[in-house]
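The primary structure of each chain is shown beneath.
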Amino acid sequence: MTTIHIISAIVFGLALIHTFAAKSFETLSRRHPRHAGLLHLLGEVEVVFGFWAFILIIIMAFVSGGDAAIEYAESRQYTEPLFVFVVMVVAASRPVLDAVQRLLKGVARVMPLRTELALVWLGLALVPLTGSLITEPAAMTLAALMLAPQIFRPGIPEWLKYGALGVLFVNVSIGGTLTSYAAPPVLMVATTWNWDSAYMASHFGWKAAIAVLINATGVSILLRKYLHSNTSDIKPKAGEVEAPKVPLAVSLVHMIVLAGVVTLAHHPVLFIGLFLFFLGFVQAYERYQSPLILKEGLLVGFFLGGLVVLGGMQQWWLQPIVSSLKPLALFFGALGLTAITDNAALTYLGSLIVGMTDEAKYMLMAGAVAGGGLTVIANAPNPAGVALLRRGFKDESIGAVGLLAGALLPTAVAGLAFLAL
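Rules behind the numbers
- Residues numbered from 1 in each chain as written.
- Predicted model: local features only at pLDDT ≥ 70, side-chain atom pairs only at ≥ 80, totals over all residues.
- Heavy atoms only, no water.
- Helix = DSSP H or I, 4+ residues; strand = E, 2+ residues; numbered from the N terminus.
- Rg over C-alpha atoms; globule rule 2.2 N^0.38 Å.
- Buried < 20%, exposed > 50% of the residue type's maximum accessible area, 1.4 Å probe, protein only.
- Contact = heavy atoms within 4.5 Å.
- Areas by Shrake-Rupley, 256 points an atom, 1.4 Å probe, with all protein chains shown as cover.
- Lys, Arg positive; Asp, Glu negative; His and termini not counted.
- Charge placed at Lys NZ, Arg CZ, Asp CG, Glu CD.
- 1 Å grid on protein atoms, 1.4 Å probe; cavity = no way out; pocket = protein on both sides within 12 Å on 5 of 7 lines; lining within 4 Å.
- Points joined across faces, edges and corners; volume = space filled by probe spheres on them.
- Nonpolar A, V, L, I, M, F, W, Y, C, P; charged D, E, K, R; others polar.
- Axes fitted to C-alpha atoms, helices over the stretch in contact; angles between N-to-C directions.
- Parallel < 35°, antiparallel > 145°, perpendicular 65-115°, else oblique.
- Salt bridge = Lys/Arg side-chain N within 4 Å of Asp/Glu carboxyl O.
- Core = buried A, V, L, I, M, F, W, Y, C linked by side-chain atoms within 4.5 Å.

J.: I keep staring at the overall build of the protein and nothing clicks. Help me out?
T.: Scanning the protein from terminus to terminus reveals 21 helices and zero strands. Its C-alpha radius of gyration of 21 Å places the protein within 12% of the 22 Å reference for a compact globule of 421 residues. For the protein, the C-alpha atoms occupy an extent of roughly 60 × 55 × 45 Å along the three principal directions. Burial status across the protein gives 57% buried among its 421 residues. Within the protein, contacts between residues at least 6 apart in sequence are counted, and of these 80% link residues at least 24 apart. Total accessible area on the protein stands at roughly 17900 Å², and carbon and sulfur atoms take up 68% of it. Taking the 25 positively charged and 22 negatively charged side chains of the protein as two groups, their mean positions are separated by 10 Å.

And the structure:
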């Protein structure tokens, strides 16, 4: 433990406090209009960790020298923030979203439920489970955009919005465990622990699927009386000209690009190159597009990049905690620690521990993914959900306490599924 380790822990703690207090900055921005711009910026949850990462690098430059600070910043691995940014933008493009919506509407019409209720249930259950195929960030993006006009809108009680948000975040976190490549915490250990997709499906996936279905069903029952048929479609606002129907060829190109980005997730040079082609294609067929969510994607990438910088200095206190716990205590310890640090970072630290038993490995992973919906920073796709859904909440801001409260029950369901089944 060095001076910079202690400083980094303090800065990390301040970033966590800032995360929980982010909504307060929105209130301050209205009370102090002269500084409303700065206060509003600091109230953006996605800005928090990037902001404090810069503070840490500046402090490191003063304490250890500029070269050491730059060397540390450049030694971090930023593939995940880049991937999340790219996959968010591609998955949220109109041709992809329209294709997914048409498919789900077709499924909803044959279900023994009202169409609008069936769509909500599918958005909270089926789409998170597809995260095991298209990756969790893509599933979060699609689910958030589909559910926004149905749940996260005026007329839905605020407490119920937080309940639905908690279910969405938890279900996405555990819904990616049917394969070994889609969930960030699984990726961190899959090679080291020799966990392939068959292992994940047989030890985690089916249990996660049961929990996902229970969570989605429970919150859908609570939402049913607030759902109306006019919320089942994303309709143009008054005065807007309805966009032309997307040709099949354009949709196929978008789907191929999305599949390519997912396949090349570990190769940033390649998936960024594919993304640049995608931007050109979107420009060429602009009449079939809606505005890309570049701002939201960049904010999420900034958040995750900041988490990479800040989290890289926390190993000195996290690893001793993880390595000292017995299996059952490790489950609950991972569940709690995930709320204050990215679950992928937690499982990565576990992969460094020599001699972990199979039971301990299982408990660490189960706790990490079960707790992935408790806070914005608990799971990499969560900032994407916040960026896309926050406008549906009061003051256009998602409170950390509200999210924690909304995620407690679905987290308990997920935890029981992994422990009892």
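Once you've had a look at it, read on.
J.: How should empty space enclosed by the protein be read in this particular structure?
T.: Any empty space left between the atoms is revealed when a probe the size of a water molecule rolls over them. Counted according to the given criterion, the structure contains two cavities of 30 Å³ or more. Estimated volume of the second largest cavity: approximately 40 Å³. Looking at the second largest cavity, the residues that line it are Glu26, Gly43, Glu44, Val45, Glu46, Val386, Arg390, Glu396, Ser397 and Ile398. Taken together, the residues that form the lining of the second largest cavity break down as three nonpolar, two polar and five charged.

J.: Sorry if this is basic, but what is going on with the packing of helix H6 (residues 94-109) against helix H13 (residues 248-263) here?
T.: Helix-helix packing: each pair is described by the crossing angle between the helix axes and the interaxial distance. The interhelical angle for the contact between H6 and H13, taken along N-to-C directions, is 100 degrees, at an axis separation of 8 Å. In terms of orientation, H6 lies roughly perpendicular with respect to H13. Of H13, the residues touching H6 (which contributes Pro95, Val96, Ala99 and Arg102) are Val250, Ser251, His254, Met255 and Leu258. For the contact of H6 with H13, the residue count by class is six nonpolar, two polar and one charged.

J.: Sorry if this is basic, but what is going on with the pattern of salt bridges here?
T.: Oppositely charged side chains may form a pair once their charged atoms are brought near each other. Counting across every chain of the model gives four salt bridges. A salt bridge links Lys161 to Glu158; the shortest N-O distance between them is 3.8 Å. Residue Lys161 and its partner Glu158 are both found in helix H10 (residues 158-175); the two are separated by three residues, about one turn of the helix. According to the relative accessible area criterion, Glu158 is partly exposed, its value standing at 27%.

J.: In this structure, what is going on with the nonpolar core? I would like to understand it.
T.: Across soluble globular proteins, nonpolar side chains show a tendency to be buried alongside one another. In terms of nonpolar packing, the biggest core is built from 135 residues, with Phe49, Leu124, Leu168, Leu223, Leu310 and Phe418 touching the most fellow members. A total of 10 residues in this core trace back to one element, the largest contributor, which is H10. Those residues in contact with Leu168 that lie beyond four places of it in its chain are Gly123, Leu124, Pro128, Met140, Ala143, Leu147 and Leu389.

J.: For this particular structure, what's the right way to read unusual backbone geometry?
T.: The general pattern is negative phi for most residues beyond glycine and trans for most peptide bonds. Here Thr135, not a glycine, exhibits a phi torsion of approximately 85 degrees, which is positive. Among the structural elements, Thr135 can be located in the loop between helix H8 (126-134) and helix H9 (136-147). Assessed through its relative accessible area of 3%, Thr135 is described here as buried. Of note, the phi angle at Asn194 is positive, near 60 degrees, even though the residue is not glycine. Classification of Asn194 as exposed rests on a relative accessible area of 66%.

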